[in-house]
Amino acid sequence: GSRVAKENLPKVPVALFRRGKKENRSKQKISSKGEKIGTEFLKRLLELHGSGMPVAEAVKLLNQRLSDPEQREIATLLWKELAEGRTLSRAMRLLPHYFSESSTYIVEAGEATGNLTPILKKIISHLDEKRDIRNKVVSGMSYPVFVVLVALGVVLFFLFFLLPQIEEMLD
C-alpha cells in the first residue's frame, strides 16, 4: 500500500494516536481499552450500515450523535478522511490505537468486494471472542497467582520470624 505523507495528515488530537516519540504508527500495539472502544464504534457503524445506509453517511451520523468523546473523535477523523475521498480502511489505518492492522485489511477486502456488512459482523464477533478468551485466561490465572503469593508469604514468614526464634531456642 501507499504511505500517507505527513503533511496530508489531518489535525487530530494527540490522544488518538498515543504514539509518543515513535514515528511508525503501523507498528504500534493496540491496547485492550482501545480495542474495546474501536469494537463498540464498529458495532454502531454496523447497525447503521447494515440497515442500508452508506458508510460515509453512517460515519457522519455517528459523528453528530455519539456521546462518548473517544468514539466521537474516531467518527470525526473517519468522516474527515471519507469526505476527502479516502476509503474506510485507509482512514481506519490512521487510528492504530483503536483498529488493528488485520482488521483494516479485512475491511479493505470487504470494500473491494462490496460485502462490508458481513465483514464487519465477522470482525466484531472475532474481537468479542478474543476479548472473552483474554478474560477467561486472566480469571483462570488468578487462582495460581494467589497460591504462589500465599506460598511465598509462608516461606518469608518462616525465614524471618520462625527461624530466628528456633535458633535462639537451640542456642
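The text that follows walks through the structure, step by step, so that each part is easy to find. Because the structure is a prediction, the values reported are computed rather than measured.

### Section: the side chain of His-49
Mapped onto the elements, His-49 comes out in helix α2 (residues 32-50). A relative accessible area of 16% places His-49 in the buried class. Here Met-53 takes part through its backbone oxygen, which lies 2.9 Å from a polar atom of the side chain of His-49. Residues within four places of His-49 in sequence aside, it is in contact with Pro-54, Val-55, Ala-58, Leu-116 and Thr-117.

### Considerations on the nonpolar core
In this structure, Phe-41, Leu-42, Leu-45, Ile-74, Leu-78, Leu-88 and Phe-99 are the most contacted members of the largest nonpolar core, which totals 30 residues. The leading source of residues in this core is α2, at 6 residues. Once residues within four sequence positions are removed from consideration, Ile-74 is found in contact with Ile-37, Phe-41, Leu-95, Tyr-98 and Phe-99.

Rules of the game
- Residues numbered from 1 in each chain as written.
- Predicted model: local features only at pLDDT ≥ 70, side-chain atom pairs only at ≥ 80, totals over all residues.
- Heavy atoms only, no water.
- Helix = DSSP H or I, 4+ residues; strand = E, 2+ residues; numbered from the N terminus.
- Buried < 20%, exposed > 50% of the residue type's maximum accessible area, 1.4 Å probe, protein only.
- Polar contact = N/O pair within 3.5 Å; in protein donor to acceptor, adjacent residues only side chain to side chain.
- Contact = heavy atoms within 4.5 Å.
- Core = buried A, V, L, I, M, F, W, Y, C linked by side-chain atoms within 4.5 Å.

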